[in-house]
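# Coordinates in review
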Amino acid sequence: MESLPIIDPHHHLYDLRTGNYPWLQGPMLERVFGDYSAIRKDYLIEDFLADIQRQNVAKTVHLQVEYDHNDPVAETRWLQSVADRHGYPHGIVAFADLASDGVQSVLEAHCEYPNVKGIRQCLNFHRDPVKTFIGDPHLMSERRWRRGYALLERYGLSFDLQLYYTQMEEALALARDFPNTQMVLNHTGMPVDRAPEEIDGWKRSMKLLASAPNVSCKISGLGMGDWKWTVDSIRPFVLHAIEAFGVERSMFASNFPVDKLFSSYDDVFNAFKAITKDFSMDERRALFHDNAERLYRL
């Protein structure tokens, strides 16, 4: 039972010798996940395959890792060459600035690579600048950005949604305005603020966002809000996400190597297995494998 097949729908790879990753190669930044000096080195397919070797990982999806925004297609080109040689990653979620004048040509260039399935542009905005990724708190409501978002349906691309619970009401409006674009919430909605009222706000917002049928949730990244997490400390967040989105719109992911700052790959997936040990086999197959295959068209 415990060797059930896994699709990991959220991990990263990077080659610092040939690629351009400002946050990994430039000065250390203050980030929501704390001191990340341990991952400021190459993380190649060989490193990832070593990390996953004790789990039955059948397929994976690579998420853009803040490669140079002026040349995002270079990251896709490199990842497709890795996939052509190794099989992994089976899906690629690339970066595009949806508000930029040239967004259509960027999307077309990404789509020349067969493994490209979607786009992510991180939208995290927070009162704490360490937790903020963008300058505009309401990008999702801006006409120009939405014009770029509207192109995703034309190119058959999904959108990976990374933000905080305080932004979910706006995201819900976006999801309802573009019902044919599949939206995938990243990192369990990033519940990084752990005061009781913040957790209550996250819970309410998760249920609100889940009311749009075209939104699904990746349960991952919980180490970012709990650097010394345990199975019991993440259990309520995992179970609430599944309750909000349902078994059919939830999936487990690793966020490696970022979450390698807090635990091993085995720790992450063994925790998910422990938390769902009383679920039916069909439910577990959906959470660990089938939903990711369907939602990312693998």
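Quantities reported herein were computed from a predicted structural model and do not represent experimental measurements. What you see as residue numbers is a count from 1 along each chain, following the sequence as written. Only residues with pLDDT of at least 70 get local features here, since the model is predicted, and only at 80 or more are side-chain atom pairs given and counted; chain-wide, interface and lining totals rely on the full set of residues. Water and hydrogen atoms play no part in the side-chain values, which are based on all heavy atoms of the structure.

## A few points about the pattern of salt bridges
So the rule is basically this: The salt bridge criterion pairs a side-chain nitrogen of Lys or Arg with a carboxyl oxygen of Asp or Glu, the two atoms within 4 Å. Helix and strand definitions follow DSSP, with helices as H or I runs of at least four residues and strands as E runs of at least two, each counted in order from the N terminus. Throughout, exposure labels follow a simple rule: accessible area from a 1.4 Å probe, protein chains only, divided by the maximum for the residue type, with under 20% read as buried, over 50% as exposed, and the rest as partly exposed.
If you walk through the whole model with that rule in mind, you get 12 salt bridges. Across the pair K131 and D193 runs a salt bridge, and its minimum N-O distance is 2.7 Å. Of the two residues, K131 is situated in the loop between β4 (116–120) and α5 (143–154) and D193 in the loop between β6 (183–185) and α7 (196–210); the sequence distance between them amounts to 62 residues. As far as burial versus exposure is concerned, K131 and D193 are alike and both buried. For D177, the salt bridge is made with R146, and the minimal N-O distance between the two is 2.6 Å. Pair noted here: D177 is in helix α6 (residues 168–177) and R146 is in helix α5, with a separation of 31 residues, a long-range link. Each of D15, R17 and D42 takes part in one network of salt bridges that share partners.

## Regarding the side chain of R120
As a reminder of what qualifies: Polar contact is defined as a pair of N or O atoms within 3.5 Å, subject to the rule that within protein one atom must be able to donate a hydrogen and the other to accept it, and that residues adjacent in sequence are counted only when both atoms are side-chain atoms.
Summarising the element assignment, R120 is placed in strand β4. One polar contact links R120 to Q162, side chain to side chain, over a distance of 2.5 Å.

## Comments concerning the sheet that holds β4
Our working rule: Between any two strands, pairing holds if DSSP finds at least two bridges. To obtain an axis, a line is fitted to C-alpha atoms, over the contacting stretch when the element is a helix, and the angle between two such axes runs from 0 to 180 degrees between their N-to-C directions. Here, two residues are considered to be in contact whenever any of their heavy atoms come within 4.5 Å of each other.
Strand order in the open sheet formed by eight strands is β1-β2-β3-β4-β5-β6-β7-β8, with parallel pairing between adjacent strands. Two strands lie at the open edges of the sheet, namely β1 (6–11) and β8 (250–252), each paired on one side alone. Within this sheet the neighbouring strands show an average axis-to-axis angle of 25 degrees, counted without direction. Contacting β1, β2 (57–63), β7 (215–219) and β8, helix α9 (residues 265–275) crosses the sheet at an angle of about 125 degrees to β1. Strands in contact with helix α10 (residues 281–295) are β1, β2, β7 and β8; relative to β8, the strand with the most contacts, it is inclined by about 115 degrees.

## What to know about the nonpolar core
Operational definition: The term nonpolar core refers to a set of buried residues drawn from Ala, Val, Leu, Ile, Met, Phe, Trp, Tyr and Cys, joined through side-chain atoms within 4.5 Å.
If you look at the biggest cluster of nonpolar residues, it comprises 93 residues, and the most contacted ones within it are W145 and L161. Tallying contributions element by element places helix α8 (residues 231–245) first for this core, with seven residues. What L161 contacts, discounting residues up to four positions off in sequence, is L123, M140, A171, M183, V184, L185, N186 and L209. In terms of nonpolar packing, the next biggest core, distinct from the first, is built from nine residues, V93, M251, A292 and Y296 among them.

## As for helix α4 (residues 103–110)
We apply this condition: Think of it as the arc spanned by the lines of direction from the helix axis to the C-beta atoms.
All of the buried residues in α4 are V103, L107 and H110. Relative to the axis of α4, the buried residues are bounded by an arc of 60 degrees and lie together on one face. Where α4 is buried, its residues meet α3 (72–86), β3 (91–95), β4 and α5.

Note that every value here comes from positions in space, so none of it alone points to a role or purpose.
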